[in-house]
Amino acid sequence: MAADPSEGPLKRPRASAWSKLWLALLTFPVAFYLGALAEYHAGPTWDHTLAPAFFSTPSSGFNTSSLQDVWNLIQRNYARTNVDPAASISGADKGLVSSLNDQFGDRFSTYFTPDEIRVYREQLSGSFGGIGATMLGRGGQLVIATVIPKTPADRAGLKSEDVVTQIDGKDVGTLTVDGAVAKIRGPIGTHVGLTIVRAGKTLQFDITRDAIPVPTVRSRDFPGGILYLRLYMFGEKTPDEFESALKAGLQHKDRKIILDMRGNPGGFVSAADFVTSEFVKSGLNVTVVGRGGAREQHPVSGKGIAYDPQLVVLVDGNSASAAEIVSGALLDHKRAYLIGQKTFGKGSVQEDFDVRTTGGDLHLTIAYWYTPDGHSIERNGITPNQVVALASPQDFYEIGDSSSDPAKDAQLQAALAHLR
């Protein structure tokens, strides 16, 4: 299982290493099979002169004496005497960061304990121990977004849109997606118990964790010279896998393309830059605006191989972050026709900072991103050209499942009809 899209070791970049800046862009919030946080990799184009804007000394009236007062009262009066100071500090750290949500509606800044960070250090390595499903937060609930075929989650019977209410018998309460990920993932061969609500019914699942292969791209040909590309996430392997699948389709004389990014919670923006560049010859993919209005623009590469084929993009409410960057760019450039439902609406950028005193990690919003035409999708999402709903989540066509019927998928059928 995974978190907000994902990458390598979560370490705070120093001012001298902005070319390797990790900035998380997911939502999700997000997901089991991604392996970790959805992050933003600025790459070698990052402007080093922006560092002072992000690391300027803050002016603060923050008074820590109240925290000490509360701790002293707990120590003297709480019914139990074995209160763990480290756990209490982590709780205070989490509460401080969660106040950003109360003040600014920031859903993505969060504090991770050392144990949680350890879980997230396996990002995008190609496989991980988990159950094989993606998760997002919606309306205060933890919702299964997609289930990867032939994984423990699939074999156990988990379904898209299942609402997770308990993990190992404990209520999820206000647990974040990332917190849920940390609890659901674990050593291969161990068990995790999930209580879910599906269509008003409460169901119990006991799932054995396993090594989860992380697909980024799968493809197939449909009649009429149509190449179908399912893009699951934007990971380290995505550029190579995506170009390989795209080249194979073009060699098969496919001249129409369906890019399916439904359920895609995001990942590396460098991978998003690559995917957009395959279809758009010139211009921008995305603009990132940071503290104090500092701007960083991501142009397309001009090295794409599919500038001419007709393109339809499928999106839904679980398409987020880097998936929205690509969708927004293709829409602004009038390069693609979007079908499906409004996307998740994650237009912010997160960076990870080491918290040296605790060994934890601060996953903090430091910027917002905008489409080439200057639109922000934060909380608004992207509304497709043609809005089409699925009659049931189970109608979703899963290319990796031989029993899945594309004829039942109304969104996919709408894309095929548009191309034909």
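Residues numbered from 1 in each chain as written. Predicted model: local features only at pLDDT ≥ 70, side-chain atom pairs only at ≥ 80, totals over all residues. Heavy atoms only, no water.

Here we look at the packing of helix H8 (residues 269-279) against helix H9 (residues 322-332)
Okay, step 1: Closest axis-to-axis distance for the H8/H9 pair is 9 Å, and the angle between their directions is 25°. Classified by the angle their axes make, H8 and H9 are roughly parallel. For the pair H8 and H9, the crossing hand works out as right-handed. Where H8 abuts H9, its residues Val 269, Ala 272, Val 275, Thr 276 and Phe 279 lie against Ala 322, Ile 325, Val 326, Ala 329 and Leu 330. (Axes fitted to C-alpha atoms, helices over the stretch in contact; angles between N-to-C directions. Helix = DSSP H or I, 4+ residues; strand = E, 2+ residues; numbered from the N terminus. Parallel < 35°, antiparallel > 145°, perpendicular 65-115°, else oblique. Left-handed = near helix turned anticlockwise from the far one by under 90°. Contact = heavy atoms within 4.5 Å.)

A word on the side chain of Asp 316
Okay, step 1: Secondary-structure assignment places Asp 316 in the loop between strand S17 (310-315) and H9.
Okay, step 2: No salt bridge is formed by the buried Asp 316, whose closest oppositely charged neighbour, Arg 262, lies at an N-O distance of 5.3 Å.
Okay, step 3: A polar atom in the side chain of Asp 316 sits 2.9 Å from the backbone nitrogen of Asn 318.
Okay, step 4: Other than its neighbours up to four places away in sequence, Asp 316 contacts Arg 262, Gly 263, Gln 341, Lys 342, Thr 343, Phe 344 and Phe 396. (Buried < 20%, exposed > 50% of the residue type's maximum accessible area, 1.4 Å probe, protein only. Lys, Arg positive; Asp, Glu negative; His and termini not counted. Salt bridge = Lys/Arg side-chain N within 4 Å of Asp/Glu carboxyl O. Polar contact = N/O pair within 3.5 Å; in protein donor to acceptor, adjacent residues only side chain to side chain.)

Examining the pairing of strand S20 (residues 360-370)
Okay, step 1: Of the pairings in the sheet, the one linking strand S3 (residues 110-112) to S20 comprises 3 bridges and is antiparallel in character. The partner of Thr 110 across the bridge, within S20, is His 363.
Okay, step 2: Sheet topology places strand S15 (residues 284-290) next to S20; 4 bridges connect them, and they run antiparallel. Note that in S20 the partner of Thr 287 across the bridge is Tyr 370.
Okay, step 3: Sheet analysis places strand S19 (residues 348-355) next to S20, joined by 8 bridges and oriented antiparallel. Looking across to S20, one finds that Gln 350 is bridged to Thr 365.
Okay, step 4: Connecting S19 to the next strand, S20, in antiparallel fashion are 4 residues, including Gly 359 with a positive phi near 80°. (Pairing = 2+ DSSP bridges.)

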